[in-house]
Amino acid sequence: MKHLPKHLRPRWRYLAVGIETWPDAEIGRRAFQRALWYGAGNLLGDAGSADAGLKLLSFSFSGGAGEAVVRVRRGHVEEARATIGCVSAVDGEPVGIRVRGISGTVRACEERYMGRAAASSTQRDVAFEDADRSAVVRGDAYDVRTESGYVGAAAFDIE
């Protein structure tokens, strides 16, 4: 079987995606891909999600922060952005996902937008709710461990 000529091949766009969640969360590649497909199916329907063709090309995640490259058909970028925005949890772990940028090639996507994961995190004790608690500090954001899990806080919330 012959290949399609270049002008008949599908064209793609690549979305650089930043992922953030609690420091103790573990998110895998398969779970993230499944969350994308599930979100696309719910938002766009079966035919719309098949047309968009969301596919996870690269994925890295550790310490509560990560990044990914998602491939989507040209002309369906806005639907893909909406789908990515609708993903609020992966394997029961709450996540924050942000599209950092869009590119026409994987190489340009990685060079321009990848490698900007959250700054390294440090562990320290802070005063929160009139008690000394353990917190993970990433930049000016504090993830304070409480009895029920983590609570997000800013510098002015911490004494």
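Before reading further, recall that the structure is shown in the block above.
Remember, it's a predicted structure, so these values are computed and weren't measured experimentally. Sequence order sets the numbering: in each chain, residues are counted from 1 along the sequence as written. Residue-level local features of this predicted model are given only where pLDDT is at least 70; pairs of side-chain atoms are given and counted only at 80 or more, and the full residue set underlies all totals for whole chains, interfaces and linings. Think of the side-chain values as coming from all heavy atoms in the structure, minus any hydrogens and water.

Here we look at the overall build of the protein chain
Heads up, the condition is: Strands are runs of DSSP state E lasting at least 2 residues, helices are runs of H or I lasting at least 4, and numbering of each runs from the N terminus. The rule is simple: take the accessible area with a 1.4 Å probe, protein chains only, and divide by the maximum for that residue type; under 20% is buried, over 50% is exposed, in between is partly exposed. Here, two residues are considered to be in contact whenever any of their heavy atoms come within 4.5 Å of each other. Note on areas: Shrake-Rupley, 1.4 Å probe, and residue coverage restricted to the protein chains presented here.
In terms of regular secondary structure, the protein chain is built from three helices and nine strands. Traced from its N-terminal end to its C-terminal end, the protein chain shows the element sequence β-α-β-β-α-β-β-α-β-β-β-β. In terms of principal-axis extent, the alpha carbons of the protein chain reach across some 70 × 30 × 25 Å. When burial is assessed residue by residue, the protein chain has 39% of its 159 residues classed as buried. Across the protein chain, contacts joining residues at least 24 apart in sequence account for 59% of those joining residues at least 6 apart. Carbon together with sulfur atoms contributes 48% to the accessible area of the protein chain, which is approximately 9,600 Å² in total.

Quick notes on the sheet that holds strand E1 (residues 12-21)
We count it as follows: Strand pairing requires that DSSP identify at least two bridges connecting the strands. Axis angles are defined between N-to-C directions and span 0 to 180 degrees, where every axis is a line fitted to C-alpha atoms and, for a helix, only to the segment in contact.
Spatially, E2-E3-E1-E5-E4 is the arrangement adopted by the five strands of the open sheet, whose pairing is antiparallel. Where the open sheet ends on each side, the last strands, each with one partner, are strand E2 (55-62) and strand E4 (89-90). Looking at chain direction, E1 and strand E3 (residues 65-73) are connected through nine bridges and run antiparallel. Directly across from Trp-12, in E3, lies its bridge partner Arg-73. Packed on one face of the sheet, helix H1 (residues 29-52) meets E1, E2, E3, E4 and strand E5 (93-103) and runs near 150° to E2.

Some details on the pattern of salt bridges
Which entries qualify depends on this criterion: Any carboxyl oxygen of Asp or Glu within 4 Å of a side-chain nitrogen of Lys or Arg constitutes a salt bridge here.
Tallying each qualifying case throughout the model produces four salt bridges. The residue Asp-24 makes a salt bridge to Arg-145 at a minimum N-O spacing of 3.8 Å. Here Asp-24 is found in the loop between E1 and H1, whereas its partner Arg-145 is found in strand E8 (residues 141-146), with 121 residues between them in sequence. By relative accessible area, which is 45% here, Asp-24 ends up partly exposed. Between Arg-34 and Asp-91 there is a salt bridge, and its shortest N-O distance comes to 3.8 Å. Of this pair, Arg-34 sits in helix H1 while Asp-91 sits in the loop between E4 and E5; the two residues are 57 residues apart in sequence, bridging distant segments of the chain. What makes Asp-91 exposed here is its relative accessible area of 57%.

Structural notes on the environment of Ser-88
If you trace the backbone, Ser-88 turns up in the loop between helix H2 (77-86) and E4. Ignoring sequence-local partners within four residues, the contact set of Ser-88 consists of Glu-93, Pro-94 and Val-95.

Here's the deal with the packing of aromatic side chains
To be explicit about the condition: Two aromatic rings from Phe, Tyr or Trp, using only the six-membered ring of Trp, form a pair when their centres are within 6.5 Å; if the ring planes differ by under 30 degrees the pair is stacked, by over 60 it is edge-to-face, and anything between is tilted. Lysine NZ or arginine CZ positioned within 6 Å of the ring centre and within 35 degrees of the ring normal marks a charge as sitting over the ring.
Here the structure, examined in full by the defined rule, presents two aromatic pairs. Pairing Trp-22 with Tyr-150 gives two aromatic rings, centres 5.9 Å apart and planes at 15°, and the pair type is stacked. Residue Trp-22 is found in the loop between E1 and H1, and its partner Tyr-150 is found in strand E9 (residues 149-154); the two are separated by 128 residues along the sequence. Using a relative accessible area of 16% as the deciding quantity, one classes Tyr-150 as buried. The aromatic ring of Trp-12 is capped on one face by Arg-71, whose charged end is 3.8 Å from the ring centroid.

Things to note about the packing of H1 against H2
Which entries qualify depends on this criterion: Every angle not falling under 35 degrees, over 145, or within 65 to 115 is termed oblique; those three ranges are roughly parallel, roughly antiparallel and roughly perpendicular. Should the near helix be turned anticlockwise from the far one by less than a right angle, the crossing is left-handed, and should it be turned clockwise, the crossing is right-handed. Charged means Asp, Glu, Lys or Arg here, nonpolar means Ala, Val, Leu, Ile, Met, Phe, Trp, Tyr, Cys or Pro, and polar covers whatever is left, Gly included.
For the pair H1 and H2, the least separation of the axes is 9 Å and the interaxial angle reads 115°. Between H1 and H2, the angle is such that the two are roughly perpendicular. Crossing hand, H1 versus H2: right-handed. Contacts from Leu-36, Gly-39, Ala-40, Leu-43 and Leu-44 of H1 reach H2 at Glu-79, Ala-82, Thr-83, Ile-84 and Cys-86. Grouping the amino acids of the contact of H1 with H2 by side-chain chemistry returns seven nonpolar, two polar and one charged.

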